[in-house]
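Close look at the chain arrangement
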Amino acid sequence: MSATTSRGHVVAWGLWDWASAAFNAVITTFVFTVYITSSAFGDTDASSAALGWVMAGAGVVVALLAPVTGQRSDRGGRRKLWLAVNTYVVVAMTALMFFVEPAPSFLWLGLVLLAVGTVFFEFASVNYNAMLQQVSTPRTIGRVSGFGWGMGYVGGIVLLLIVYFGFIEPIGGSALFGVPDTDGLPIRATVLVAALWYAVFALPVLLAVPEYHDPSAPRAPRIGFLQSYVVLFRDVRTLWRERRHTVLFLIASAVFRDGLTGVFTFGGVLAAGSFGFSAGSVIIFAIAANVVAGISTILVGLLDDRIGAKPVMVGSLIGLVVFGILVFIFHDGGQTAFWIFGLALCAFVGPAQSASRSFLARQIPAGREGEIFGLYATTGKAATFLTPAMWAVAISIAGAVLPEGSSTQYWGILGIVLVLVVGLLLLIPVRAGAADADSREPLSTESTPV
């Protein structure tokens, strides 16, 4: 970790999070995935199922490859190079989505582009997260991580406003930029704007932040791709023996991060289905949710550096559980209740995500950032089934115990709460250990092949 860092490097690094809102907010959450699962592409149930299977396949690829690609970027000293390569593959996939016309014959083109983009986005995130220590100091790592997450939320707000009112939502009979509402052009133009946004705002970190080199570290021998897995298994075994709480944290964070994702994934569904929000109101709520999450993440990042990342995570998860239960209790309160308790939920999501990243960054042995953040991505993907499954199980239980014809969807929030509680219980025994140390000792050299 750097002893000193510059404000310019921090801003340049955080702009990648701002840039990535193009893929997170526009492509995978609010616009493109909604577009390709619409009736224009055939039966919506079938296209939604296909989307689920394709994204599951992308998750498997990430789980298998992320740790090794991160490890190899560590060993080769080319972390920034691979951030650039992976980022601009995502930009290319996003731009190619322009050619996905609203017809069933184009469904699989859209799904394949989305899956490939998702895989390379995760690879890019591994390299990006590994640079956190390079642009922060032991005293500022929490606020720098929070700044990055906050920039991502704010970038999502700005870009959603631009594309929503510029291309998607007609004002006075036409969109601001005059795109004809035919052949899916409003959405197809939106993905081009998202690709341009990502391409431009990803440049500062690549141009301003130097490649990381540790002159005191011995030069790692070159190894083949398959041999990288042998090294990976050795390193995980050594990590378990020497830094067991780092492994336990990876497991705990995989569970509660899936619950955090579920808050946003199912929040819009819950707002529309159980609290009477219109489609336009859902997007307005989404923008407000990003505002709240962005502000809280930046502010709590300062607290992270004062009291430590673990108390921030524990406090955030407790807040999420409490307000999730309140959403369930006041489900008859209509939109006002959801605005109050739903936005309160969002205030805790970003801080938990940011503190999770900063906690792990403090734990990682020197020179292993890419590999460990690759494991972070892998464990996260391994747990992605938990929240959707618990959401469905909770609703199914409600359907079995409530009178026929009763509304059951709001019970899904209890499934999300359960995942968060399990993640919290797994997190509590994890000790910070090296997480609060100013120096990060490397693991024993047993893990390095001769």
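Preceding block: the structure.
Criteria and cut-off values
Residues numbered from 1 in each chain as written. Predicted model: local features only at pLDDT ≥ 70, side-chain atom pairs only at ≥ 80, totals over all residues. Heavy atoms only, no water. Helix = DSSP H or I, 4+ residues; strand = E, 2+ residues; numbered from the N terminus. Buried < 20%, exposed > 50% of the residue type's maximum accessible area, 1.4 Å probe, protein only. Contact = heavy atoms within 4.5 Å. Expected span 1.5 Å × (residues − 1). Axes fitted to C-alpha atoms, helices over the stretch in contact; angles between N-to-C directions. Left-handed = near helix turned anticlockwise from the far one by under 90°. Nonpolar A, V, L, I, M, F, W, Y, C, P; charged D, E, K, R; others polar. Patch = residues over 30% accessible without salt bridge, like charges linked within 9 Å, V, L, I, M, F, W, Y side chains within 5 Å. Areas by Shrake-Rupley, 256 points an atom, 1.4 Å probe, with all protein chains shown as cover. Salt bridge = Lys/Arg side-chain N within 4 Å of Asp/Glu carboxyl O. 1 Å grid on protein atoms, 1.4 Å probe; cavity = no way out; pocket = protein on both sides within 12 Å on 5 of 7 lines; lining within 4 Å. Points joined across faces, edges and corners; volume = space filled by probe spheres on them. Core = buried A, V, L, I, M, F, W, Y, C linked by side-chain atoms within 4.5 Å. Phe/Tyr/Trp six-rings, centres within 6.5 Å; stacked < 30°, edge-to-face > 60°.

1. Observations regarding the overall build of the protein chain
Along the protein chain, the regular secondary structure elements total 16 helices and zero strands. A total of 450 residues make up the protein chain; the buried ones form 52% of that total. Once local pairs closer than 6 in sequence are excluded, the contacts in the protein chain between residues at least 24 apart make up 84%.

2. Structural notes on helix α7 (residues 185-201)
A rise of 1.5 Å per residue sets the reference length of α7, with its 17 residues, at 24 Å; its end C-alpha atoms lie 24 Å apart and thus fit the reference within 8%. Listing the buried residues of α7 in full gives Pro-186, Ile-187, Arg-188, Ala-189, Thr-190, Val-191, Ala-194, Ala-195, Trp-197, Tyr-198 and Ala-199. Residues of α7 that are buried sit in contact with α1 (7-30), α2 (32-36), α4 (79-96), α5 (107-130), α6 (141-168) and α8 (203-208).

3. A few points about the environment of Val-314
Positionally, Val-314 belongs in helix α12 (residues 309-329). For the pair Val-314 and Ala-352, spaced 38 residues apart in sequence, the C-alpha to C-alpha distance is 8.1 Å. For Val-314, the contacting residues outside a window of four places in its chain are Leu-424 and Leu-427.

4. Topic: the packing of α6 against α7
α7 packs onto α6 with a crossing angle of 150° between their chain directions and a minimal axis gap of 10 Å. The handedness of the crossing between α6 and α7 is right-handed. When α6 is examined against α7, the residues Gly-155, Val-158, Leu-159, Ile-162, Val-163, Phe-167 and Ile-168 are found in contact with a partner set consisting of Pro-186, Ile-187, Ala-189, Thr-190, Val-193 and Trp-197. Classifying every residue of the contact of α6 with α7 by side-chain character gives eleven nonpolar, two polar and no charged.

5. Structural notes on a nonpolar patch on the surface
Residues Trp-240, Leu-248, Ile-251, Leu-418, Val-422 and Leu-426 make up a contiguous nonpolar surface patch of about 480 Å² in total accessible area. Breaking the nonpolar patch down by element, the ones donating at least two residues are α10 (244-274) and α16 (412-427). Of all the elements, α16 adds the most residues to the nonpolar patch, at three residues. Summarising the element assignment, Ile-251 is placed in helix α10.

6. Section: the side chain of Asp-304
Position of Asp-304 relative to the elements: it lies in helix α11 (residues 279-307). The exposure class of Asp-304 is buried, given its relative accessible area of 2%. Apart from the residues lying within four places of it in its own chain, the contact partners of Asp-304 are Gly-142, Ala-309, Val-312, Ala-355, Ser-358 and Arg-362.

7. What about empty space enclosed by the protein?
Per the counting criterion, the structure on display carries one cavity of 30 Å³ or more. There is about 30 Å³ of room inside the largest cavity. Taken together, Gly-142, Thr-297, Val-300, Gly-301, Asp-304, Val-312, Pro-351, Ser-354 and Ala-355 make up the full set of residues lining the largest cavity. If you list the elements that add at least two residues to the lining of the largest cavity, you get α11 and α13 (334-363). In terms of residue count, α11 provides more of the lining of the largest cavity than any other element does, four residues in total. Classifying every residue of the lining of the largest cavity gives four nonpolar, four polar and one charged.

8. Quick notes on the pattern of salt bridges
Inspection of the entire model under this criterion finds four salt bridges. Note that Arg-357 and Asp-17 form a salt bridge whose closest N and O atoms lie 3.6 Å from each other. One end of the pair, Arg-357, is in helix α13; the other, Asp-17, is in helix α1, with 340 residues separating them in the sequence. For the pair formed by Arg-357 and Asp-17, the shared burial category is buried. Arg-143 serves as the salt-bridge partner of Asp-305, at 2.9 Å between the closest nitrogen and oxygen. One end of the pair, Asp-305, is in helix α11; the other, Arg-143, is in helix α6, and 162 residues separate them in sequence. On the basis of relative accessibility, which here comes to 19%, the residue Asp-305 falls in the buried class. Via salt bridges that share partners, Arg-143, Asp-304, Asp-305 and Arg-362 belong to a single interconnected network.

9. Remarks on the nonpolar core
In terms of nonpolar packing, the biggest core is built from 120 residues, with Trp-16, Ile-36, Tyr-198 and Phe-249 touching the most fellow members. With residues up to four places along the chain from it excluded, the contact list for Tyr-198 reads Trp-16, Ala-19, Ser-20, Ala-22, Phe-23, Thr-87, Val-90, Val-91 and Phe-121.

10. Quick look at the environment of Phe-30
As for its placement among the helices and strands, Phe-30 is situated in helix α1. The partly exposed category is assigned to Phe-30, whose relative accessible area is 27%. In this structure the C-alpha to C-alpha distance between Phe-30 and Ile-283, which are 253 residues apart in sequence, comes to 8.0 Å. Excluding residues within four positions of it along the chain, Phe-30 makes contact with Ala-25, Leu-160, Ala-286 and Asn-290.

11. Overview of the packing of aromatic side chains
With the rule as written, the count across this model stands at 23 aromatic pairs. Here the aromatic rings of Phe-275 and Phe-338 are separated by 4.8 Å at their centres, their planes lie at 40°, and the arrangement is tilted. A residue pair is termed long-range when its members are at least 10 positions apart, and Phe-275 in the loop between α10 and α11 and Phe-338 in helix α13 qualify at 63 residues. For the residue pair Phe-275 and Phe-338, the accessibility class agrees, reading buried in each case.

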